[in-house]
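Okay, here's what each chain looks like letter by letter:
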Amino acid sequence: MIVETKNNQQVLLRKLHSNDLDNLLSYLENLSMETKKRFGPHQFDKQSVIDFYDNPAIHLGYVAQSIDSNDIIAYSIIKIGYLESDYNRYLSYGIQLDNKIDCEFAPSVADSWQSFGIGNKLFYYILADLKKAGVKRIVLWGGVQADNEKAVNYYKKNNFVPVGQFWHNGENVDMLLNI
Ligand SMILES: CC(C)(COP(=O)(O)OP(=O)(O)OC[C@H]1O[C@@H](n2cnc3c(N)ncnc32)[C@H](O)[C@@H]1OP(=O)(O)O)[C@@H](O)C(=O)NCCC(=O)NCCS
């Protein structure tokens, strides 16, 4: 699907393919330290990325690609089911995560493309896909750092609701969306 960003650029939204590996590695390498600090569902070296997508039924990658340059400019990950490390925390809020209906979400946008609407547009695209797959709830991959104002706003804008807070290298917030 091709969409237009707030800076009037045409961008292709699609699933990650196996032949995106080099393009994806260059996207990851070029992220600023600030963004790398916020986004880390897997390590950024080649083998870690290959291993991460070993089971395509569990980890789904989505990208936005610039029509002009072909560069990947946004990358989001869905894990079907929940992370073991999130399960007990959610239980402490009275929410039992369930591999049949839940998924985990981790978004990122290249620094120079942030705040131009790509994060939102890629999320709508992913949402449509998840609805088709019968997913009912989306939780944030390991929560969001409370001082990550851009991301907290982004999740709220997309109707995620805070369900609890926890301490891990600072204050973090767990947020959930019923779809
Ligand atoms: C968080 C992130 C994915 C959002 O994507 P984006 O393309 O920058 O966001 P969008 O332009 O689509 O904006 C969506 C909403 O985010 C919020 N937002 C975006 N830029 C913002 C900014 N500079 N300041 C405050 N809020 C901001 C707004 O609520 C915005 O909605 P609006 O445009 O209707 O006001 C992206 O900024 C990013 O990759 N950040 C670094 C990595 C990260 O923090 N990942 C999440 C880890 S939990």
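Going by the structure above, here's the rest.
Computed from a prediction, not measured in an experiment: that's the story for all the values here.

## Brief notes about the overall build of the protein
Counting secondary structure elements, the protein contains six helices and nine strands. Here the C-alpha radius of gyration of the protein, 16 Å, is about what a compact globule of 179 residues would show, namely 16 Å. Taken over the C-alpha atoms alone, the protein extends approximately 45 × 35 × 30 Å along its principal axes. A burial count over the protein gives 50% of its 179 residues as buried. Long-range pairs, those at least 24 residues apart, make up 65% of the contacts in the protein with a sequence separation of at least 6. Between the centroid of the 18 positive side chains of the protein and the centroid of its 21 negative side chains there is a distance of 7 Å.

## Looking at unusual backbone geometry
One non-glycine residue, Asn70, lies in positive phi territory at about 70 degrees. Mapped onto the fold, Asn70 is located in the loop between β3 (59–66) and β4 (72–80). By relative accessible area, Asn70 is classed as partly exposed at 46%. The phi dihedral of Ser115 falls on the positive side, at around 70 degrees, and the residue is not glycine. Its place among the elements puts Ser115 in the loop between β5 (102–109) and α5 (118–132). What makes Ser115 exposed here is its relative accessible area of 54%.

## What about the site of the ligand?
Val109, Ser115, Gly117, Gly119 and Asn148 are the nearest of the 21 residues found near the ligand. A distance of 2.9 Å separates an oxygen atom of the ligand from a polar atom in the backbone of Asn120. Note that a nitrogen atom of the ligand is positioned 3.0 Å from one of the side-chain N or O atoms of Asn153. Contact with the protein chains hides 81% of the accessible area of the ligand, taken as 920 Å² for the molecule alone. Judged by its atoms lying within 2 Å of the grid points, the ligand is housed in the largest pocket. Among the elements of the structure, α2 (33–38), β5, α5 and α6 (149–157) are those that each provide at least two residues to the shell around the ligand. If you tally residues by element for the shell around the ligand, the top one is α6, at six residues. Considered class by class, the residues forming the shell around the ligand number eight nonpolar, nine polar and four charged.

## Examining the nonpolar core
In a soluble, globular protein the nonpolar side chains are often hidden away together inside. Judged by nonpolar contacts, the single largest core of 49 residues is most densely connected at Tyr75, Phe105, Ile138, Tyr155 and Phe160. Of all hydrophobic cores here, the second largest spans seven residues; its members include Tyr82, Ile95, Leu97 and Val139.

## With respect to helix α4 (residues 84–92)
Listed in full, the buried residues belonging to α4 are Asp86, Tyr87, Arg89 and Tyr90. Of the surrounding secondary structure, the elements contacted by the buried residues of α4 are β5, β6 (137–140), β8 (161–167) and β9 (171–178). Downstream of α4 by one or two residues, Gly94 has phi in the positive range, about 85 degrees.

## Section: the pattern of salt bridges
Where charged atoms from two side chains of opposite charge come close, those side chains can pair. Summed over the entire model, instances satisfying the criterion amount to eight salt bridges. In this structure, the salt-bridge partner of Arg14 is Asp20, at a minimum N-O distance of 2.8 Å. The class of Asp20 is buried, set by a relative accessible area of 5%. Across the pair Asp174 and Arg89 runs a salt bridge whose closest N-O atoms are separated by 2.8 Å. Linking Asp174 in strand β9 with Arg89 in helix α4, this pair joins segments that are 85 residues apart in sequence. By relative accessible area, which is 0% here, Asp174 ends up buried. Classification of Arg89 by relative accessible area gives buried; the value is 17%. Through salt bridges with shared partners, a single ionic network connects Glu34, Lys37, Arg38 and Asp147.

So, how was this worked out
- Residues numbered from 1 in each chain as written.
- Predicted model: local features only at pLDDT ≥ 70, side-chain atom pairs only at ≥ 80, totals over all residues.
- Heavy atoms only, no water.
- Helix = DSSP H or I, 4+ residues; strand = E, 2+ residues; numbered from the N terminus.
- Rg over C-alpha atoms; globule rule 2.2 N^0.38 Å.
- Buried < 20%, exposed > 50% of the residue type's maximum accessible area, 1.4 Å probe, protein only.
- Contact = heavy atoms within 4.5 Å.
- Lys, Arg positive; Asp, Glu negative; His and termini not counted.
- Charge placed at Lys NZ, Arg CZ, Asp CG, Glu CD.
- Near = heavy atom within 4 Å.
- Polar contact = N/O pair within 3.5 Å; in protein donor to acceptor, adjacent residues only side chain to side chain.
- Areas by Shrake-Rupley, 256 points an atom, 1.4 Å probe, with all protein chains shown as cover.
- 1 Å grid on protein atoms, 1.4 Å probe; cavity = no way out; pocket = protein on both sides within 12 Å on 5 of 7 lines; lining within 4 Å.
- Sits in = over half its atoms within 2 Å of the grid points.
- Nonpolar A, V, L, I, M, F, W, Y, C, P; charged D, E, K, R; others polar.
- Core = buried A, V, L, I, M, F, W, Y, C linked by side-chain atoms within 4.5 Å.
- Salt bridge = Lys/Arg side-chain N within 4 Å of Asp/Glu carboxyl O.

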